[in-house]
Amino acid sequence: MTRLLIIEPNLRNPSGHYADFVRAVGSRAEGNELEVYAHPDADTMLADMPGVRVCSREPRVGARFAEWRTIFRAVCEEQPFLVLTADGRHAAAVSLAAARYGCVPTHARLFFHRPPTTFRDTCCLPLADLARTHALAITPTEMVADALRESGWKKVVCVPYPVLAETKPPQPEPFTHLLMAGAARINKGLDLVAELAVQWTQEGRKLPLLVQVSQKHADRHGHREGAAVHALLSSGYQGLRADASAPDRSEYLARFRGALVLAPYTREQFASQVSGIVLDSLLRGAPVIATKGTWPGDQVERFGAGVTIAERTPAALAAAIDRVLGDWAAYSARACAASSALAQEHDPIHLLRVISR
């Protein structure tokens, strides 16, 4: 395999799915074939990851236009590279670089986690012709792939999102707590969980509920998350344990043991988008409550590993929780059974074979 540059300037610490993505793909690479362009804070972490090495060429993340200059250089040198979280801006950068240096960007690979349908993506579309014709667009779901084809991408491939399963298959665990994992986000149902906490306080319920209330990129997200976190913390719910900081990887994974995971995500975003948290849940045998008509909901229904809700209301969420807890052993067993199938489907080797062509 030719050395491949992975570009992800937001990667700076072990928590979160940027690091999990790189760790997963690196686990299937031989030697140090993957060079990772990330924040300098991630250098030590990356140096310890099997299969990867740090890209320390200037400009490092933090310098002016560092990501775009790195893309331009990779296009100019015809170095194979993968933009880990691509959008219309990256496609435009690839096209402009190819036009500038008079080359064909067949060595560019862009991983689109969601359809490029924002206003910014639309503005970038006219500048992305060379990328749409010659670069490889990679998606984790067919809905995202279809959206790219409709916008003119000629080379599109759908590959299951890469994740690492545990070395030993999970076994059913007794129920211990409800879990809302990951950074606090409205589109993941934070407001719904806050409303449920208020309702349960009034009803005198005390089921253990663990919620991570730290906000990822708090400077870029509006006041809605802050208001929902405040509503949750001021609900008076006695079963609540709120974690104001992101856990390290080992603690994050440990939280799925004995958990019923709450994932009442919005259809607007998650109809086509993979949830790394739901994948982590099922890979570790934790049943999930998800929204019907979303990618997470499809996985839950496929394996019977939880319950989906058609209406995103506190009442529907509470009823789904009671339904799973009323037959916990069966739901837990089906979630564990889902783990082996998902581990094979989402093995990082599938993505590695695509990006190493």
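Rules behind the numbers
- Residue numbers run consecutively from 1 along every chain, following the written order of its sequence.
- Local features are withheld for residues below a pLDDT of 70 in this predicted model, meaning they are given only at 70 or higher, and side-chain atom pairs are given and counted only at 80 or more; totals for whole chains, interfaces and linings count all residues.
- Here the side-chain values reflect all heavy atoms present in the structure, with hydrogen atoms and water set aside.
- All axes are obtained by fitting lines to C-alpha atoms, using only the stretch in contact for helices, and the reported angles, taken between N-to-C directions, cover 0 to 180 degrees.
- Strands here mean DSSP runs of E at least two residues long; helices mean DSSP runs of H or I at least four residues long; both are numbered from the N terminus.
- Geometric relationships in this document are graded by angle, where less than 35 degrees denotes roughly parallel, more than 145 denotes roughly antiparallel, 65 to 115 denotes roughly perpendicular, and other angles denote oblique.
- Note on contacts: a residue pair is in contact if any heavy atoms of the two residues lie within 4.5 Å.
- For this classification, the nonpolar set comprises Ala, Val, Leu, Ile, Met, Phe, Trp, Tyr, Cys and Pro, the charged set comprises Asp, Glu, Lys and Arg, and every other residue, Gly included, is treated as polar.
- Nonpolar core, defined: a set of buried Ala, Val, Leu, Ile, Met, Phe, Trp, Tyr and Cys residues in which side-chain atoms within 4.5 Å join the residues together.
- Burial here depends on accessible area, computed with a 1.4 Å probe over protein chains only, as a share of the maximum for the residue type. Under 20% is buried, over 50% is exposed, and the range in between is partly exposed.
- By the criterion applied in these results, polar contacts are pairs of N or O atoms within 3.5 Å in which, for protein atoms, one can donate a hydrogen and the other can accept it, and in which residues neighboring in sequence qualify only through two side-chain atoms.
- In this description, one arc is meant: the one made by directions from the helix axis to the C-beta atoms.
- At least two DSSP bridges between two strands are needed for those strands to be called paired.

## Comments concerning the packing of helix H8 (residues 190-203) against helix H14 (residues 314-326)
When two helices pack together, their arrangement is given by the angle between their axes and by how far apart the axes lie.
Okay, so step 1: One can describe the packing of H8 onto H14 by two numbers: an axis separation of 9 Å at closest approach and a directional angle of 75°. It follows from the interaxial angle that H8 and H14 lie roughly perpendicular. Residues Leu-192, Val-193, Glu-195, Leu-196, Gln-199 and Trp-200 of H8 form the contact with H14, whose own contacting residues are Pro-314, Ala-315, Leu-317, Ala-318 and Ile-321.
Okay, so step 2: When its residues are assigned to classes, the contact of H8 with H14 shows 9 nonpolar, 1 polar and 1 charged.

## Describing the nonpolar core
Okay, so step 1: Counting residues in each nonpolar core, the largest one holds 57 residues, and the members touching the most others are Leu-11, Leu-46, Ile-138 and Phe-256.
Okay, so step 2: When sequence neighbours within four positions are dropped, the list of residues in contact with Leu-11 reads Tyr-18, Ala-19, Val-22, Val-36, Ala-38, His-39, Ala-42, Met-45 and Leu-46.
Okay, so step 3: Listed in part, the 31 residues of the second largest apolar core include Leu-209, Ile-289, Ala-320 and Tyr-331.

## Things to note about the side chain of Arg-132
Okay, so step 1: For Arg-132, the location among the structural elements is in helix H6 (residues 129-134).
Okay, so step 2: On the basis of relative accessible area, Arg-132 is assigned to the buried category, the value being 13%.
Okay, so step 3: Here the side chain of Arg-132 touches Asp-129 through a polar contact of 2.2 Å, side chain to side chain.
Okay, so step 4: Arg-132 has contacts with Leu-125, Ser-151, Gly-152, Trp-153, Lys-154 and Lys-155, leaving out every residue within four places of it along the chain.

## Concerning helix H7 (residues 142-150)
Okay, so step 1: Among all positions in H7, only Val-144, Ala-145, Ala-147 and Leu-148 are buried. The buried residues of H7 occupy one face: seen down the axis, they fall within an arc of 160°.
Okay, so step 2: Each element contacted by the buried residues of H7 is listed here: strand S6 (136-139) and strand S7 (156-158).
Okay, so step 3: Gly-152 sits one or two positions beyond H7 and adopts a positive phi of about 105°.

## Concerning the sheet that holds strand S13 (residues 306-309)
Strands pair in a sheet through their backbones, by hydrogen bonds, and they do so in one of two ways: parallel or antiparallel.
Okay, so step 1: On the basis of which strands lie adjacent, the open sheet formed by 6 strands has the order S10-S9-S8-S11-S12-S13 and parallel pairing. Because the sheet does not close on itself, it has two edges, and the strands there are strand S10 (240-243) and S13. Ignoring which end each strand starts from, the neighbouring axes of this sheet average 20° apart.
Okay, so step 2: Pairing of strand S12 (residues 288-291) with S13, which is carried by 4 bridges, proceeds in the parallel orientation. Counted as the bridge partner of Ala-290 is Thr-308 from S13.

## Things to note about helix H12 (residues 276-283)
Okay, so step 1: With 8 of 8 residues buried, H12 lies mostly within the body of the structure.
Okay, so step 2: The inward-facing, buried residues of H12 abut helix H1 (17-27), helix H10 (249-254), strand S11 (259-263), S12, helix H13 (295-303) and helix H15 (328-345).
Okay, so step 3: Just downstream of H12, Gly-285 is the residue with a positive phi angle, here 75°.

## Details of the sheet that holds strand S4 (residues 81-83)
Okay, so step 1: Strand order in the open sheet formed by 7 strands is S3-S2-S1-S4-S5-S6-S7, and the pairing between neighbours is parallel. Looking at which strands have only one partner, the edges of the open sheet turn out to be strand S3 (52-54) and S7. Averaged over all neighbouring strand pairs, the angle between strand axes comes to 25°, with direction disregarded.
Okay, so step 2: Where strand S1 (residues 4-7) and S4 come together, 3 bridges link them in parallel fashion. Bridge pairing links Leu-5 to Phe-81 in S4.
Okay, so step 3: Sitting on the sheet, helix H3 (residues 66-76) touches S1, strand S2 (34-37) and S4, and the angle it makes with S1 is about 160°.

The values reported here are purely geometric and, on their own, carry no functional implication.
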